[in-house]
Amino acid sequence: MHTPAQIDEQVELEREAISCGLKRLQDQTIKLEDQSYASASIYGIASIDTLLPLLIKRIEKTNKRIHEGHNGVAFKEIHSRLANIDTPSAAVIACKLTFDKVFSYKEGSNQAVNVCDSIGRAVEDECHMRHYESNAPGLLAKLKENYWHKACGTQQKLVVIKTLMNRYNVKQWKPWSTELRIKLGTWLLNCIMESSGWFHKQRVREGRKTTVYVTPTPEFMDIKDEIMANAELFSPLAWPMLVTPKDWAPDVQGGYILNEVMHGHDLVRRGDPCLIQGERPLAFINKIQKVGYRLNPFTVRVAEQLQQAGISVGKFLPIIHYDLPPKPVDIAENKDSRKAYRRAAAEVMNKRAAEFKRSCRTRMTMETVQRFKNRDHWFIPWSFDYRGRAYPIPAFLTPQDTDFGKSLINFAEAAYITDSGEEWLAFQVATTYGLDKSTMSERLEWTQNNIPLITRVAEDPIGNIGDWEAAEEPWQFLASCEEYYSVVTKRTRDTTRLCVATDATCSGLQILAGLARDRKTAQLVNVLPSDRPQDAYKVVAECAKPYIPHKLHSVWDRKCVKRTVMTIPYNAKPFSNRSYIKDALIEKGVEIDKDDLTVTVKAVREAMQSVVPGPMAVMKWIENGVSQVIKNGATELQWVTPSGFIVRQKIMKKRVKMFDLQLLGRCQLNVAIEDKNEVDLNRHKAATAPNLIHSLDASLLHLSIRRFNHPIALIHDSVLTRAVDMDELSAIIRETYMHLFAEHDYLHEFAQQIGVETEPPIIGDLKPETVIDSTYFFC
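Because the structure is a prediction, the values reported are computed rather than measured.

Q: Honestly, the packing of helix α23 (residues 536–544) against helix α26 (residues 594–611) in this entry has me stumped. Any pointers?
A: Each pair of packed helices gets described by two things: the angle between the helix axes and the distance between those axes. Packing of α23 against α26 brings their axes to within 8 Å, and their N-to-C directions diverge by 120°. As α23 runs across α26, the sense of the crossing is right-handed. Contacts between α23 and α26 involve Val-539, Val-540, Cys-543 and Ala-544 on the former and, on the latter, Ala-603, Val-604, Ala-607, Met-608, Ser-610 and Val-611. Considered class by class, the residues forming the contact of α23 with α26 number 9 nonpolar, 1 polar and no charged.

Listed below in structure tokens is the structure:
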């Protein structure tokens, strides 16, 4: 039990997280308004999403009237200019500029003439760029690639393109008059005001002048306040906790102590709050919340030194400072010097902008490290996704962080090292270095053969960065080297806290093999015992090889098909297969044309039918069955997993269109253009097999961890525990898989629950109990 003082300290930490989150939200909103970017604020984005369909209809209605001859002569010139741009894009620009100008802090920004001129100018600029896209598309793409820096504003980008297009003698753009721009902007602004009722024109007497301003109506201010109030509910920062999180229960909000008041985090993300989850999933989530963690002082110290030095390693990306070049002494009078300086300064500003963006996660991680640096232990609140998979609620210092983030944490509870524990530490060293496909004996042998390397890394990580930054997971390799060196080699510690990870082999195929009782597939994905890890990717690659273009044979290997084989169980279609195979070949320096790629993708998919027939048949059966169920009138699917977790799959149609503007790239908005109350049959067909697999691999862990009474963490279908506990955990997971598929005919249960009437395609030659002796089921 926690003392009142500990509870008070945690409540104070949560209040600080709420305060920091609110301040960040408010600061971001003020900053955007100050920079005339209110359209990118929380209320701007939400409001524009609502307004756009109304505005598009309003503009299209006017266009229809002019074609029918019902509009006056005054609109004819405006209409001729709008012919250069599609209606949705004009609507996006008008909405963006209206919000940017009306809510800007700059003096005079919301004067009606300025708002209208800005809208008209932005529409002209977009038409100007489309003129170049029409007349010189290849040149425009190359110029944008070479000259559009992140630090450039829209006007600077336009000037650069205009100057260079003139240099290449591209047909010039005929500028619009100021009068026409304002007339067009006024008409679009009026459309916005009439469509929404959110803005009006207000006359203000200023001395002898009367100035017209565009201001938000009281009705819109109420909407804005409501949007911001809702945003504030979800703005608190999510940090680890100093005490064990509150237990979740059917009628109790768990996790953070103040969560019951704030309602910022639900038990099931994107789920139905009315569903009452079973006792076993709740026991599982409450159990993993009681696992304590602490920072790894070794990796924290290395990270702090590299941060100070501005050195990047792997996913650790500190800010690298770039100084502006010195101004030439003759910059005032020498045009060439001035031009050269501006170009050099622009490059530096671009690098600064890129550095700030890429270092964001590292900076936020290190800020969280400082907050928990002196804590002996802390805890992580967890929740489910709607399939039953567990996710940490905090974003930093969790087992599901990046390679760098994972290396920063250890279990708080230490365990005395054992002979078996020493082997699992050696396993972790070799696996994080990159030997994840090697046998257990090969990994242990690699570690023994590389003691000098491990010692160098542990004793002087900064001086020997080259020894560990080349590892597949450099930061976890670094942490593993220090643990192995201190506990096994040097023996300065006799306990271990390191998080050692084992991962399912092709989890999707393992689950589908169990469902179909398919022995052939089970053998390929290490469900059955073998002397060394089986490699399904390699088998598929070899099976497809005779049927792919001969010129690819010399480079064709498991890496070419890995992502395709990995994602097909999750219903990846030929289109995504194409990109995966193409990217893999490009990494090998091979370009493949469209026709050869089509042949190659077909060969790989046919190889999958031959190599893993059971899973492919199950996926096809699910797709056909779901199609029939939806066509028979079902609006959603619901099933209960073996652990008692209720999965609700409700997918409604949401037809959206992306508006990708030439200059105003920040206006890429998804806008609903059709009703959302229609069931999306195609997405249901595509989603059900992946969601079933995810719900079953989650159920496997729900049931396994109930029997495991040592520190444990999860990364989807991967488990992490201390080295001394790994043998016990591996045995429990294998036993649970056996019971899950040997004692349940779950495919029939699933069919009954969602209403599929056809018989599932069960091969039936697999005995799930054989998994008990599989060394590489999780490895």
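Q: What is the right way to look at the side chain of Asn-286 in this model?
A: Along the chain, Asn-286 falls in helix α11 (residues 279–288). By relative accessible area, Asn-286 is classed as buried at 9%. Not counting residues up to four positions away in its chain, the partners in contact with Asn-286 are Lys-246, Asp-247 and Trp-248.

Q: Help me out: how do you make sense of the state of the cysteines in this one?
A: The term disulfide refers to a covalent linkage connecting the sulfur atoms of a pair of cysteines. Scanning the model with the defined rule gives 0 disulfides in all. Cysteine Cys-116 is unpaired, with the sulfur of Cys-191 as its nearest cysteine sulfur at 11 Å.

Q: Got a minute to help me understand the sheet that holds strand β3 (residues 292–295) in this structure?
A: Strands pair in a sheet through their backbones, by hydrogen bonds, and they do so in one of two ways: parallel or antiparallel. Judged by pairing direction, the sheet is antiparallel, and its 3 strands sit side by side in the order β4-β3-β7 without closing on themselves. Looking at which strands have only one partner, the edges of the open sheet turn out to be β4 (378–379) and β7 (409–411). Where β3 and β7 come together, 3 bridges link them in antiparallel fashion. Looking across to β7, one finds that Tyr-293 is bridged to Phe-411.

Q: Can you walk me through the pairing of strand β2 (residues 209–216) in this structure?
A: Every other side chain in a regular strand lies on the same face of the sheet, so the side chains alternate between the two faces. Across 8 bridges, strand β1 (residues 199–206) lies against β2 in antiparallel orientation. Paired with Glu-206 across the two strands is Lys-209, which belongs to β2. As consecutive antiparallel partners, β1 and β2 are separated by 2 residues, and within that stretch Gly-207 has a phi angle of approximately 65°, a positive value.

Rules used in this analysis
- Counting starts from 1 at the beginning of each chain's written sequence and moves along it residue by residue.
- pLDDT decides what is reported in this predicted model: residues at 70 or higher carry local features, side-chain atom pairs at 80 or more are listed and counted, and totals for whole chains, interfaces and linings draw on all residues regardless.
- Computation of side-chain values: all heavy atoms of the structure, hydrogens and water removed.
- Convention adopted: a line fitted to C-alpha atoms gives each axis, helices being fitted over their contacting stretch, and angles between N-to-C directions are expressed from 0 to 180 degrees.
- The secondary structure listing takes helices from DSSP runs of H or I that are at least 4 residues long and strands from runs of E that are at least 2 residues long, numbered from the N terminus.
- Left-handed describes a crossing in which the near helix is turned anticlockwise from the far one by less than a right angle; the clockwise case is right-handed.
- By definition in these notes, contact holds between two residues if any of their heavy atoms fall within 4.5 Å.
- Three categories are distinguished: nonpolar for Ala, Val, Leu, Ile, Met, Phe, Trp, Tyr, Cys and Pro, charged for Asp, Glu, Lys and Arg, and polar for the others, with Gly belonging to the last.
- Relative accessibility thresholds used throughout: buried, under 20% of the residue-type maximum; exposed, over 50%; partly exposed, between the two (1.4 Å probe, protein chains only).
- Working definition: a disulfide is two cysteine sulfur atoms within 2.5 Å of each other.
- Strands qualify as paired when DSSP identifies two bridges or more between them.

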